[in-house]
Every structure is written in structure tokens, then in C-alpha cells.
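In case you want the letters, here they are:
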Amino acid sequence: ITACKCGGFVIGFTTSHTTFDGLSFKAFLDNLAALASNKPMPLTPSHERHLLAARSPPRVTFPHPEMLDLGDFPTSAESGVFQASSEELHFNIFHLTNDNINYLKDKAKGNNVNSRVTGFNVVTALIWRCKALSFSPPDPNRSSTILYAVDIRSRLSPPLPRSYAGNAVLTAYATAKCEVLEKGPFARLVEIVTEGAKRMNDEYARSIIDWGELHSGFPNGEVLVSSWWRLGFEEVEYPWGKPRYCCPVVYHRKDIILLFPPLGGGDGINVIVALPPKEMEKFKTLFYEFLI
């Protein structure tokens, strides 16, 4: 806990994603706030981790290019697989208003005005395009893969209980050539992102879990998008009131881009990006040009 001169204070938490995902951590905070107020817990955690155990025997029924088998790679720090970037990185927060997001949705629908597209998918497609095309040197034939977190609770059969406490997030993926990302219609990029999420049904999720049982693996992509956008951390009612702001602590990783609500609960979404200086300038140019 860090006290501020204004009379406020900051509480920091660190957790392991194998213990909590975003929804589980939100439930933890709700229960913590209730106990601090001498109230009963609003949600009794379900610790039935066996619900996400691998099958016996494991059955990998899909190819999983979104996962990298580390068995053939060196385990020393020099491999850099798990290491934070040693490059100089610039950090930037890009704000998208609701109008910006609606503009992206209209662009994604094209002539099919009745199609349904989500705010997350259009924002993810925009981030993917900017990140891939900011890469230096540019190569139109290079394949770019974006990963994005998907909650599998309702996608399993039967669904996980609402109170499931643990990590029920897997990574969906989308892959395209940089030429497609630069010159292709935005609607197609959003379709590819949407297809990646739709792929995550019960059998596909079980296949990834079984793959993890058989291999020492790690998500394999150019960038991972993780959303705190609608988790509701800022809505937790502590004895002293709701928090003024909830955000991640910045860390030295250029391969993870985070989405979270704006300060004070305003409209839209904030996108936090860390990139080397030249790539950041290119990302920024692409980001704002696309919204015009």
C-alpha cells in the first residue's frame, strides 16, 4: 500500500495467471471488499480445478500454431523466450472514444449493415494492423499472428460454474500476410479475428489443454491483446468507496497490448502500447490515420 499526500492511497496486487484470470480476480476483489465491510461474500469461489484437467489419455485433435513447443529450444536466459525486452521502449496510451469504436464497427460492416461486430474485435483488428505494419523492415510477404485472450467458461460443454475460481482463459489467434493487413478491407481483418474466437469451442479448448499436458509450451505470436475493458475492477465497492482508477503496472514487454477503461469511467477505451521508438512513431501514425 502506498499513501499519497492528497489523503488517498494505492493498493497493488500481484498474482499468477495460473491462479486467477481477470474474472476470478474480480470475484476475489468483490469478496475481499465484502469481508472488509463485515458483509457475507457475494460469491463463494468454486475451486473445482479438475474441470479443466487434461483428458486421459490426452487427445490433441487440432493443430495449434498458436502454441510454441519449447522442447527444442534452449532453456537458458539467452533464449529470450520468457524475458522482458532489453530494448529501449516508449510507452503510450491511445484513447478510442465510443464514436471511434462505432466508426470502426461501421467500417467493418461495409455493405452488410445488419452484420454484428463487437467492439473488442474491431479494436483488436486495428491494433493488429498497426502493430504488424510498424515492424521494421517492412515486408508485405511476412505473416503476422495476433493472439487474444478468450474466456472459455461459457464455451465448454457443460459450461463452467459462474463462480469458477482459476484460469479459464485461452489464447485465440489470427494470422495474415502483412500485405493483406495493409491493403485488404478492414471488414476482412475483423472477420479473421472473429473466426479465431469462434474456433474456441469445447473440443478446441480441450485439445489445447491436452496439448499442454503433452508439451512444454508457450503462446506463439507477434503480439497478445489482453482486455481489462469490461472486467469491472473499478466498480468494486470497498468500505472507503470505489477506486478512482484501476490499471496495470507498466512492465518492459513490447509483445503485450492491454485494453482498459479510461480514467474516471469516461466513454471509450484506453490502449496501452510499449514499442521501440521508431516502431512507436509508425504505430501512432497508422493508428490515427486509420480513424480519419
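Parameters at a glance
Residues numbered from 1 in each chain as written. Predicted model: local features only at pLDDT ≥ 70, side-chain atom pairs only at ≥ 80, totals over all residues. Heavy atoms only, no water. UniProt positions renumbered as here; feature names shortened; annotations may be inferred. Salt bridge = Lys/Arg side-chain N within 4 Å of Asp/Glu carboxyl O. Helix = DSSP H or I, 4+ residues; strand = E, 2+ residues; numbered from the N terminus. Buried < 20%, exposed > 50% of the residue type's maximum accessible area, 1.4 Å probe, protein only. Patch = residues over 30% accessible without salt bridge, like charges linked within 9 Å, V, L, I, M, F, W, Y side chains within 5 Å. Areas by Shrake-Rupley, 256 points an atom, 1.4 Å probe, with all protein chains shown as cover. Contact = heavy atoms within 4.5 Å. Pairing = 2+ DSSP bridges. Axes fitted to C-alpha atoms, helices over the stretch in contact; angles between N-to-C directions. 1 Å grid on protein atoms, 1.4 Å probe; cavity = no way out; pocket = protein on both sides within 12 Å on 5 of 7 lines; lining within 4 Å. Points joined across faces, edges and corners; volume = space filled by probe spheres on them. Nonpolar A, V, L, I, M, F, W, Y, C, P; charged D, E, K, R; others polar. Core = buried A, V, L, I, M, F, W, Y, C linked by side-chain atoms within 4.5 Å. Phe/Tyr/Trp six-rings, centres within 6.5 Å; stacked < 30°, edge-to-face > 60°.

In the annotation of an unreviewed UniProt entry, the protein chain is listed under the name Omega-hydroxypalmitate O-feruloyl transferase and assigned to Stylosanthes scabra. Under the heading Sequence similarities (unreviewed entry), UniProt records this for the protein chain: "Belongs to the plant acyltransferase family."

A. Broad picture of the pattern of salt bridges. Taken as a whole and assessed by the stated rule, the structure comprises 12 salt bridges. For Glu-87, the salt bridge identified is with Lys-254, shortest N-O distance 2.6 Å. Of this pair, Glu-87 sits in the loop between strand 3 (67-69) and strand 4 (90-96) while Lys-254 sits in the loop between strand 8 (223-227) and strand 9 (256-260); the two residues are 167 residues apart in sequence, bridging distant segments of the chain. What makes Glu-87 partly exposed here is its relative accessible area of 34%. For Glu-195, the salt bridge identified is with Arg-188, shortest N-O distance 3.2 Å. Judged by relative accessible area, Arg-188 falls into the partly exposed class, the value being 33%. The network of salt bridges with common partners includes Asp-21, Asp-151 and Arg-153.

B. Fine view of a nonpolar patch on the surface. A cluster of nonpolar side chains, contributed by Ile-1, Phe-9, Ile-11, Phe-13, Phe-28, Leu-32 and Trp-240, occupies part of the molecular surface with about 720 Å² of accessible area. Structurally, the position occupied by Phe-13 is in the loop between strand 2 (9-10) and helix 1 (22-36).

C. Main features of the environment of Asp-30. Within the secondary structure layout, Asp-30 lies in helix 1. On the basis of relative accessibility, which here comes to 24%, the residue Asp-30 falls in the partly exposed class. Sequence separation between Asp-30 and Pro-42 is 12 residues, and the spatial gap between their C-alpha atoms is 7.1 Å. Sequence-distant contacts of Asp-30, defined by excluding residues within four places in its chain, comprise Pro-42 and Val-236.

D. Broad picture of the sheet that holds strand 8. Read across the open sheet, the 6 strands follow the order 4-10-9-8-5-6; overall the sheet is mixed. Looking at the sheet topology across the chains shown, the edges are occupied by strand 4 and strand 6 (169-177). The average angle at which neighbouring strand axes cross in this sheet is 20 degrees, direction not considered. With 9 bridges connecting them, strand 5 (residues 143-151) and strand 6 associate as antiparallel partners. Across the sheet, Thr-145 pairs through a bridge with Thr-175, a residue of strand 6. Sheet strands in contact with helix 3 (residues 119-133) are strand 4, strand 5, strand 6, strand 8, strand 9 and strand 10 (269-275), and its direction is about 150 degrees off that of strand 5.

E. Spatial organisation of empty space enclosed by the protein. Applying the stated rule across the entire model yields 2 cavities of 30 Å³ or more. The space that makes up the second largest cavity amounts to roughly 30 Å³. A per-class count over the lining of the second largest cavity returns 5 nonpolar, no polar and 1 charged.

F. Up close: the nonpolar core. Ranked by size, the top nonpolar core spans 59 residues in total, and within it Leu-96, Val-122, Trp-128, Tyr-148, Phe-186, Met-200 and Val-271 carry the most contacts. Once you skip the residues sitting within four places of it in the chain, Val-271 turns out to touch Asn-92, Ile-93, Phe-94, Leu-96, Val-123, Ile-127, Ile-257, Leu-258 and Leu-259.

G. Structural context of the packing of aromatic side chains. By the definition in use, this model includes 18 aromatic pairs. Each ring, one from Phe-94 and one from Tyr-288, has its centre 5.9 Å from the other, and the planes form 45 degrees; the classification is tilted. Here the residue Phe-94 occupies a position in strand 4, and Tyr-288 occupies one in helix 7 (residues 277-290), the gap between them amounting to 194 residues. An angle of 15 degrees between the planes, with centres 6.1 Å apart, marks the rings of Phe-283 and Phe-287 as stacked. Of this pair, Phe-283 and Phe-287 both sit in helix 7, separated by 4 residues, roughly a single helical turn. By relative accessible area, Phe-283 is classed as buried at 0%.

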